[in-house]
Amino acid sequence: MIFAALYALLPLLDVCSHAEETVHASSPHHLDCVRASEQCQKEQACSTKYRTMRQCVAGGKESNFSMVAGLEAMDECRSAMDALKQSPLYNCRCKRGMKKEKNCLRIYWGMYQTLQGNDFLEDSPYEAVNSRLSDIFRLAPILGEPAMTRENNCLNAAKACNLNDTCKKYRSAYISPCTSRVSSAEVCNKRKCHKALRQFFDKVPPKHSYGMLFCSCPPSDQSACSERRRQTIVPVCSYDEKQKPNCLELQASCKTNYICRSRLADFFANCQPEPRSLSGCLKENYADCLLAYSGLIGTILTPNYLRTPKISVSPFCDCSSSGNNKDECDKFTEFFAENTCLRNAIQAFGNGTDVGVWQPMPPPQTTPPITTPQQKNRERGSPNAIDNSLNVDNSIYHFCGSLQRSPINVLLLDPSQKT
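Remember, it's a predicted structure, so these values are computed and weren't measured experimentally. (Residues numbered from 1 in each chain as written. Predicted model: local features only at pLDDT ≥ 70, side-chain atom pairs only at ≥ 80, totals over all residues. Heavy atoms only, no water.)

Visitor: For this particular structure, what's the right way to read the overall build of the protein chain?
Guide: The helix and strand tally for the protein chain stands at 20 helices and two strands. Across the 419 residues in the protein chain, those meeting the buried criterion constitute 48%. Of the contacts made within the protein chain by residues no fewer than 6 positions apart, 74% connect residues no fewer than 24 positions apart. Total accessible area on the protein chain stands at roughly 21800 Å², and carbon and sulfur atoms take up 53% of it. (Helix = DSSP H or I, 4+ residues; strand = E, 2+ residues; numbered from the N terminus. Buried < 20%, exposed > 50% of the residue type's maximum accessible area, 1.4 Å probe, protein only. Contact = heavy atoms within 4.5 Å. Areas by Shrake-Rupley, 256 points an atom, 1.4 Å probe, with all protein chains shown as cover.)

Here it is in structure tokens:
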């Protein structure tokens, strides 16, 4: 009887798969900044304006027009900026973990700073992920039992990693530098440890890397399970310091590094809490938030779980010595430690559900949103924009959303599962 029902539902699951892929395919694609730069260099007019722009903002530093002076030079810079808005460089993006990621980000921030100025909320420089990352939520309860059982899912996730060649390879690659003492004064080479951790989360399939980082812990075994989850990133090397730095100083230091600055901007953009949202997230997308959070691991702002009863994370820093900036520092730390969007995303992964996958929608608004001219320019090419002209019946997503969380779908993915 069950198998007959499964057979009957197979065509409907194909429809669901096609519907999701249609939405992904409709997302605007942005040229990566390295290719955009190469295209610009081949066109004399664009190349000339680009060189002028680079002189206007030397090396992506904070001050505009740092290598030119005078009203005439400033006019020349503005002319170059206006021209570049029509070039492939405008709205270019980068891919996390790409071969020339740092070079791509250098180009992006140079363009972004020039065109937007210094007074802006930094947008994510990364191209939206169009792969079916939402599958990690469906696979979560299959890789480990739900959190209400007595299973140590974090231990099970580590075992599953060892059975996967890619996961085992990159896990070994970071365990080695993160646990090898350099001298009596240094427990490890933190730079090599961070680089290897970034590669692990960039290269290993999310169902394995996330299984270790976001595994759920049953109430009956919080201490051992939670501590194993906390030890995933080898915090003695990647996280701990002899003294806690000030969080604002650590953030400022992060912004001098292209990768750290980009990963932080991505985290702020995709894990923004929204109290009026059912999911707790402004963008209603748990998968994007988890991806952004994992991207911070391996930077100087590497976060980790705190030893608290609830799910709470923080970089290794505090707000002492903040002076008049204490409120700003507290807001920064609260974005990590008290982030309901991130907390719900982690819990959703453990439960195998993602409320934002099938029904992407804007958060409820009680007052009209305030949109700046810069935001209007960005939204025209936003990688998260949805093409409202799609001739697709929205009711299918309600159906697929219910179906993908049903026990029948679990059986389809793994016939050995029992309902």
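What follows picks up the thread again.
Visitor: Would you mind showing me how to read the UniProt feature "glycosylation site" (unreviewed entry) in the protein chain here?
Guide: The positions that UniProt labels "glycosylation site" (unreviewed entry) are, in the present scheme, N351. You can see N351 is positioned in helix α17 (residues 340-351). (UniProt positions renumbered as here; feature names shortened; annotations may be inferred.)

Visitor: Explain the nonpolar core here, please?
Guide: Buried together is how nonpolar side chains tend to be arranged in soluble globular proteins. Formed by 53 residues in total, the largest nonpolar core has its most connected members in F214 and F267. Looking at this core element by element, the count peaks at seven residues for helix α15 (residues 286-296). Other than its neighbours up to four places away in sequence, F214 contacts L290, Y293, Y305, I346 and F349. In terms of nonpolar packing, the next biggest core, distinct from the first, is built from 23 residues, C46, Y50, C92 and Y126 among them. (Core = buried A, V, L, I, M, F, W, Y, C linked by side-chain atoms within 4.5 Å.)

Visitor: I'm lost on the pattern of salt bridges in this one. Help?
Guide: Oppositely charged side chains are able to pair whenever their charged atoms sit close together. For the structure on display, the rule yields 11 salt bridges. For R263, the salt bridge goes to E101, with nearest N and O atoms at 3.0 Å. Note that R263 is positioned in helix α14 (residues 258-270) and E101 in helix α5 (residues 101-116), a separation of 162 residues in sequence. Residue E101 is classed as buried on the basis of its relative accessible area of 6%. Put simply, K326 and D330 hold a salt bridge, and the shortest N to O gap is 2.9 Å. Remark: D330 and K326 occur in helix α16 (residues 326-337); sequence separation between them is four residues, near one turn of the helix. For K326, a relative accessible area of 37% corresponds to the partly exposed category. Each of R96, E101, D202 and R263 takes part in a single network of salt bridges with overlapping partners. (Salt bridge = Lys/Arg side-chain N within 4 Å of Asp/Glu carboxyl O.)

Visitor: It is not clear to me how the side chain of S37 should be interpreted in this structure. Could you clarify?
Guide: Inspection of the secondary structure assignment puts S37 in helix α2 (residues 33-42). Residue S37 is classed as buried on the basis of its relative accessible area of 9%. Sequence-distant contacts of S37, defined by excluding residues within four places in its chain, comprise Y50, L89 and I107.

Visitor: Looking at this structure, I do not really get the packing of aromatic side chains. What am I missing?
Guide: In this description, a pair of aromatic rings is defined by centroid distance and the angle of the planes. Tallying each qualifying case throughout the model produces 15 aromatic pairs. Both rings, one in Y239 and one in F316, keep their centres 5.3 Å apart while their planes meet at 75 degrees; by these two values the pair is edge-to-face. Taken as a pair, Y239 in the loop between α12 (235-238) and α13 (247-254) and F316 in the loop between β2 (313-315) and α16 lie far apart in primary sequence, 77 residues in all. For Y239, a relative accessible area of 6% gives the class buried. Of the aromatic side chains, those joined through ring pairs into one cluster are Y210, F214, F267, F268, Y293, F332, F335, F336 and F349. In this arrangement the basic side chain of R261 is found over the ring face of W109, its NZ or CZ atom lying 4.0 Å from the centre. (Phe/Tyr/Trp six-rings, centres within 6.5 Å; stacked < 30°, edge-to-face > 60°. Lys NZ or Arg CZ within 6 Å of the ring centre and 35° of its normal.)

Visitor: Teacher, can you tell me more about α15 here?
Guide: In an α-helix, one turn spans 3.6 residues; hence positions three or four apart end up facing the same way. Of all 11 residues in α15, 11 are buried; the element is thus mostly enclosed. Among the residues of α15, Y286, A287, D288, C289, L290, L291, A292, Y293, S294, G295 and L296 are the ones counted as buried. Capping of α15 at its N-terminal end is provided by N285; its side-chain oxygen lies 3.1 Å from the backbone amide nitrogen of A287. (Polar contact = N/O pair within 3.5 Å; in protein donor to acceptor, adjacent residues only side chain to side chain.)

Visitor: Please explain the state of the cysteines as it appears in this structure.
Guide: In total, this model carries 13 disulfides according to the counting rule given. A sulfur-sulfur distance of 2.1 Å marks the disulfide that ties C319 to C329. Across the S-S bond of C319 and C329 the torsion is about -90 degrees, and the bridge reads as left-handed. Of the two residues, C319 sits in the loop between β2 and α16 while C329 sits in helix α16, which places them 10 residues apart along the sequence. (Disulfide = S-S within 2.5 Å.)

Visitor: Hey, could you run me through the side chain of S312 in this one?
Guide: Tracing the sequence through the fold places S312 in the loop between β1 (303-305) and β2. Only 2.8 Å separates the side chain of S312 from the backbone oxygen of A337, close enough to count as a polar contact. With residues up to four places along the chain from it excluded, the contact list for S312 reads N304, Y305, L306 and A337.

Visitor: Help me out: how do you make sense of unusual backbone geometry in this one?
Guide: Generally, phi is negative for residues other than glycine and the peptide bonds are trans, each holding for most cases. Residue N91 is not a glycine yet carries a positive backbone phi of 65 degrees. Of note, N91 is situated in the loop between α4 (71-84) and α5. Judged by relative accessible area, N91 falls into the buried class, the value being 17%.

Visitor: Help me out: how do you make sense of the packing of helix α7 (residues 153-162) against helix α8 (residues 165-179) in this one?
Guide: Where α7 contacts α8, the axes come no closer than 6 Å and their chain directions differ by 105 degrees. As the angle between them shows, α7 and α8 are arranged roughly perpendicular. Here α7 contributes A158, C161 and N162 to the contact with α8, which in turn contributes C167, K168 and R171. Tallied by class, the residues present in the contact of α7 with α8 amount to three nonpolar, one polar and two charged. (Axes fitted to C-alpha atoms, helices over the stretch in contact; angles between N-to-C directions. Parallel < 35°, antiparallel > 145°, perpendicular 65-115°, else oblique. Nonpolar A, V, L, I, M, F, W, Y, C, P; charged D, E, K, R; others polar.)

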